[in-house]
Amino acid sequence: MTLGKHEISGLTLNQIKPLPASVFEKLMIGAGYFKTNSAPAKGGRHFLYFEHSTYERVEAVYSPNKKMVITAYHPSV
């Protein structure tokens, strides 16, 4: 799974490749999302969760060093 293969409400990701975390987070905040929580994921990766007042929660998978976002999606979609 990679960015751009999943639709995120309120956000358009045109590229398929991973994004630097700072770029992704800026896009998410600009679309009205805010970080709420984090958790470990397989392979040393990390989940970061983003909430929105209107849209469903987004789960983002970060690289082990948390510098790249590998994928992001609405878990119930």
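Above: the structure in question.
Residues numbered from 1 in each chain as written. Predicted model: local features only at pLDDT ≥ 70, side-chain atom pairs only at ≥ 80, totals over all residues. Heavy atoms only, no water.

K.L.:
Which residues make up the environment of Lys-42, and what are the values?
P.N.:
Looking at the element boundaries, Lys-42 is found in the loop between β2 (34–40) and β3 (46–51). Residues Lys-42 and Pro-64 lie 22 residues apart in sequence; the distance between their C-alpha atoms is 9.6 Å. (Helix = DSSP H or I, 4+ residues; strand = E, 2+ residues; numbered from the N terminus.)

K.L.:
A description of the environment of Lys-35 should follow, citing residues and the corresponding values.
P.N.:
Looking at the element boundaries, Lys-35 is found in strand β2. Between the alpha carbons of Lys-35 and His-52 there is a distance of 9.2 Å; along the sequence they are 17 residues apart. A distance of 3.1 Å separates the side chain of Lys-35 from the side chain of Glu-25, its partner in a polar contact. (Polar contact = N/O pair within 3.5 Å; in protein donor to acceptor, adjacent residues only side chain to side chain.)

K.L.:
Outline unusual backbone geometry, supporting the account with residue identities and numerical values.
P.N.:
Even without a glycine there, the phi angle at Lys-66 is positive, about 65 degrees. Take Lys-66: its relative accessible area is 44%, and that puts it in the partly exposed class. (Buried < 20%, exposed > 50% of the residue type's maximum accessible area, 1.4 Å probe, protein only.)

K.L.:
Just give me the short version of the packing of aromatic side chains, but keep the residues and values in it.
P.N.:
The description of an aromatic ring pair rests on the distance of the ring centres and on the angle between the ring planes. Taken as a whole and assessed by the stated rule, the structure comprises three aromatic pairs. With 5.8 Å between their ring centres and 80 degrees between their planes, Phe-24 and Phe-50 make a pair best called edge-to-face. You can see Phe-24 sitting in helix α1 (residues 21–30) and its partner Phe-50 sitting in strand β3, a full 26 residues away along the chain. Phe-50 carries the same exposure label as Phe-24, and that label is buried. (Phe/Tyr/Trp six-rings, centres within 6.5 Å; stacked < 30°, edge-to-face > 60°.)

K.L.:
I'd love a proper account of the sheet that holds strand β4 (residues 58–62), names of residues and values included.
P.N.:
If you walk across this open sheet you meet the five strands as β1-β5-β4-β3-β2, and the pairing is antiparallel. Edge positions in the sheet fall to β1 (19–20) and β2, since each of these pairs with one other strand and no more. For β4 and strand β5 (residues 68–73), the ladder comprises four bridges, and the chain directions are antiparallel. Each residue of the ladder has a partner; that of Ala-60, found in β5, is Ala-72. (Pairing = 2+ DSSP bridges.)

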